[in-house]
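Listed here are the chains, written in short residue letters.
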Amino acid sequence: MKPLPREGFAPLALTSLALALAVLAFALYLRERPPGEGSAAAGFARDMSVHHAQAVEMAGIVRDRTNDPAIRTLATDIVLTQQAQLGQMHGWLAAWGLSLTGTRPPMAWMGHPVEGRMPGMASPGEINRLRSAPPEEADRLFLWLMIEHHRAAIPMARAALERTDRPEVERLAGAILRSQRGEIRVMQKMLEERAGEAAPQHRSGGHRHGS
């Protein structure tokens, strides 16, 4: 068998290079194009925004009512951190050309949609109790509710890390995992130090979620 003429390698090499460049260009296009309506990135941004908005609301209520400096510091940190993260997620959705609310049920992007409140979310009655309870009771209720709230955010952040390769989403989901795990430990210790029953042992109409 005669060897292929030397000049025959050039077209073959050019074809292979063109194919490799086309594959690279397509991969970059897929990576850079905005996430779609039903994407994990959009679902995470929307659902975590709802979670964060309520955390900011609860922390703001207690920050303004408590007489406990440690509770006030914790609540202020939660307000500032989660409000900033909320702004990030709203900014993503605007940049991606998506609305703040989607057409699918909450957590559908995770594979288990829910009706009504997402896991960890406080009920309207619990929010009202936080507003009206005596300050010390409100402090304990706040810690109890926020521990539940943080625990429910952890599976959502994990799911985002597993289902998207958007760098901005991965960074935020990782930050949420680290900060909320740490805050859960802090709040559990604070709750133990403040004797008394903060809340009922079960929540009618709500959802509990493990950490």
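Preceding this paragraph is the structure being described.
Let me sum up the structure you'll find in this document. For clarity, every value in this text was computed on a predicted model and none was experimentally measured.

A look at helix α3 (residues 69-95)
Okay, so step 1: Along its 27 residues, α3 runs 39 Å from first to last C-alpha, staying within 8% of the 39 Å computed at 1.5 Å per residue.
Okay, so step 2: Residues I71, L74, A75, I78, V79, Q82, Q85, L86, M89, W92 and L93 constitute the buried set of α3.
Okay, so step 3: Those residues of α3 that are buried are in contact with α2 (40-65), α5 (135-163) and α6 (167-193).
Okay, so step 4: Regarding α3, its N-cap is D68, as a side-chain oxygen of that residue lies 2.9 Å from the backbone nitrogen of A70 further along.

Overview of empty space enclosed by the protein
Okay, so step 1: Applying the stated criterion across every chain, the model contains 1 cavity of 30 Å³ or more.
Okay, so step 2: Its volume calculated, the largest cavity comes out at about 50 Å³.
Okay, so step 3: Taken together, I78, T81, Q82, Q85, S179, Q180 and E183 make up the full set of residues lining the largest cavity.
Okay, so step 4: Put simply, the parts of the chain that give the lining of the largest cavity at least two residues each are α3 and α6.
Okay, so step 5: When residues of the lining of the largest cavity are assigned to their parent elements, the largest contribution, 4 residues, is made by α3.
Okay, so step 6: Tallied by class, the residues present in the lining of the largest cavity amount to 1 nonpolar, 5 polar and 1 charged.

As for the packing of aromatic side chains
Okay, so step 1: Inspection of every chain in the model, using the stated rule, returns 2 aromatic pairs.
Okay, so step 2: An angle of 80° between the planes, with centres 6.2 Å apart, marks the rings of F44 and W109 as edge-to-face. Of this pair, F44 sits in helix α2 while W109 sits in the loop between α3 and α4 (124-132), and the two are 65 residues apart along the sequence.

Describing the environment of A173
Okay, so step 1: As for its position among the elements, A173 is in helix α6.
Okay, so step 2: Residues A173 and A153, spaced 20 residues apart in sequence, show a C-alpha to C-alpha distance of 9.6 Å.
Okay, so step 3: Beyond its immediate chain neighbours, meaning those up to four positions away, A173 contacts F44, A157, A160 and L161.

A few points about the layout of surface pockets
Where empty space is left becomes clear once a probe the size of a water molecule has been rolled over the atoms.
Okay, so step 1: Estimates place the volume of the largest pocket at around 350 Å³.
Okay, so step 2: Lining the largest pocket are 22 residues, and of these R46, D47, T101, G102 and R104 lie nearest its centre.
Okay, so step 3: Only α2 and α3 provide two or more residues apiece to the lining of the largest pocket.
Okay, so step 4: Looking at the lining of the largest pocket element by element, the count peaks at 6 residues for α2.

Focus on the pattern of salt bridges
Okay, so step 1: Per the counting criterion, the structure on display carries 10 salt bridges.
Okay, so step 2: Note that E162 and R163 form a salt bridge whose closest N and O atoms lie 3.4 Å from each other.
Okay, so step 3: Within this structure, D68, K189, E193 and R194 form a network of salt bridges that share partners.

Basis of the calculations
- For every chain, the first residue of the written sequence is number 1, and numbering continues from 1 along that sequence.
- Confidence filtering applies because this is a predicted model: local features only for residues at pLDDT of at least 70, side-chain atom pairs given and counted only at 80 or more, and all residues used for totals across whole chains, interfaces and linings.
- Side-chain figures throughout are based on the complete set of non-hydrogen atoms in the structure, without hydrogens or water.
- We count a stretch as a helix when DSSP gives it H or I for four or more residues in a row; a strand needs E for two or more, and each element gets its number in order from the N terminus.
- For a helix, the expected span equals 1.5 Å multiplied by the number of residues minus one.
- Partly exposed residues are those whose accessible area sits between 20% and 50% of the maximum for their type, while under 20% is buried and over 50% is exposed, using a 1.4 Å probe and protein chains only.
- Any two residues whose heavy atoms approach within 4.5 Å are treated as being in contact.
- Two N or O atoms count as a polar contact when they lie within 3.5 Å, although within protein this holds only if one can serve as hydrogen donor and the other as acceptor, and sequence-adjacent residues are included solely when both atoms are side-chain atoms.
- Detection works on a 1 Å grid of protein atoms alone, calling trapped sets that fit a 1.4 Å probe cavities and calling open sets with protein on both sides within 12 Å along at least five of seven lines pockets, with lining residues defined by an atom within 4 Å of a point.
- Grid points are joined across faces, edges and corners, and a volume is the space filled by probe spheres set on the points.
- Classes in brief: Ala, Val, Leu, Ile, Met, Phe, Trp, Tyr, Cys and Pro nonpolar; Asp, Glu, Lys and Arg charged; the others, Gly included, polar.
- Working definition: a ring pair exists when centres of Phe, Tyr or Trp rings (six-membered ring for Trp) sit within 6.5 Å. Plane angles under 30 degrees give stacked, over 60 give edge-to-face, the rest tilted.
- Here a salt bridge means any side-chain nitrogen of Lys or Arg lying within 4 Å of a carboxyl oxygen belonging to Asp or Glu.

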